[in-house]
Amino acid sequence: MTNSQAIAYERRPVIPANGQPILSGNMHGSDWIAASRDSKQAYCEEAFAAFRGSAAQSYIISHNIQSLSPEGLCDRMDQYYSLEEYLDDRLGSAAAIAPILFADTPLGTKY
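Residues numbered from 1 in each chain as written. Predicted model: local features only at pLDDT ≥ 70, side-chain atom pairs only at ≥ 80, totals over all residues. Heavy atoms only, no water.

**Comments concerning the overall build of the chain**
As a reminder of what qualifies: The helix and strand labels rest on DSSP assignments: H or I over at least four residues marks a helix, E over at least two residues marks a strand, and numbering proceeds from the N terminus. Shrake-Rupley sampling with a 1.4 Å probe provides the accessible areas, and residues are treated as covered by the protein chains on show and by no other component.
A count of helical and extended segments in the chain gives 6 helices and 0 strands. Element order for the chain, N to C, with α for helix and β for strand: α-α-α-α-α-α. Surface accessibility of the chain: about 6,700 Å² in total, with carbon and sulfur atoms responsible for 55%.

Set out below in C-alpha cells:
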C-alpha cells in the first residue's frame, strides 16, 4: 500500500455538529453558500486531509499553501464562491483550485 493509499484508508468521514447536512464534492457553490458553518468546516476537514494525502501538494512551494489549515481552506472556498461565475462549480473542484487561486489574498476577502 502506498503512503497516499494508507492516508485515504485511515480517513474517516467528518460529521458536522447538530445534525447539519453533510456536504460532498459533487455539490455546487449554491449548496456551499446555503450550508451552515459546521457543515462547511466538516467538509473542509475532509478535503484538507485529501489534499495533504495527495502527491500534488508536495509540488506546491507557496508558503501560504503549505501552511494551509482546514479553516484556511474554508476561507479560500468562501472567497472562491463569492465570485458569481464559480457558483456552478463543484465543491471538489473548488477545494482543489481555491487554495492556489487565492493563495496571496488576505483571509476573509470577499468579492
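**Quick notes on the confidence of the model for the chain**
Note the threshold: Per residue, pLDDT captures the predictor's confidence, and it can take any value from 0 to 100. Two residues qualify as a contact provided that any one of their heavy atoms is within 4.5 Å of a heavy atom in the partner residue.
In the predicted model, the chain carries a mean pLDDT of 80, and the fraction of residues at 70 or more is 75%. Taken as a whole, residues 4-9 scores under 50 in pLDDT and shows 5 contacts with residues more than four places along the chain or in a different chain.

**Observations regarding the packing of aromatic side chains**
Put simply, the rule is: Stacked, tilted and edge-to-face pairs are distinguished by plane angle, under 30 degrees for stacked and over 60 for edge-to-face with tilted covering the rest, among Phe, Tyr and Trp rings (Trp via its six-membered ring) whose centres lie within 6.5 Å. Burial status follows relative accessibility: with a 1.4 Å probe on protein chains alone, a residue under 20% of its type maximum counts as buried, one over 50% as exposed, and anything between as partly exposed.
Taken as a whole, this structure holds 4 aromatic pairs when the rule is applied. Aromatic side chains Trp32 and Tyr43 sit 6.2 Å apart centroid to centroid with 75° between the ring planes, which places their arrangement in the edge-to-face category. Placement of the pair is Trp32 in helix α2 (residues 29-34) and Tyr43 in helix α3 (residues 37-52), with a sequence separation of 11 residues. Accessibility assignment for this pair places Trp32 and Tyr43 in one class, buried.

**A look at helix α6 (residues 91-101)**
To be explicit about the condition: Note that the arc is defined by the directions from the helix axis to the C-beta atoms.
Taken residue by residue, α6 has Leu91, Ala94, Ala95, Ala98 and Pro99 as its buried positions. Along the axis of α6, the buried residues cluster in a sector spanning 110°; they form a single face.

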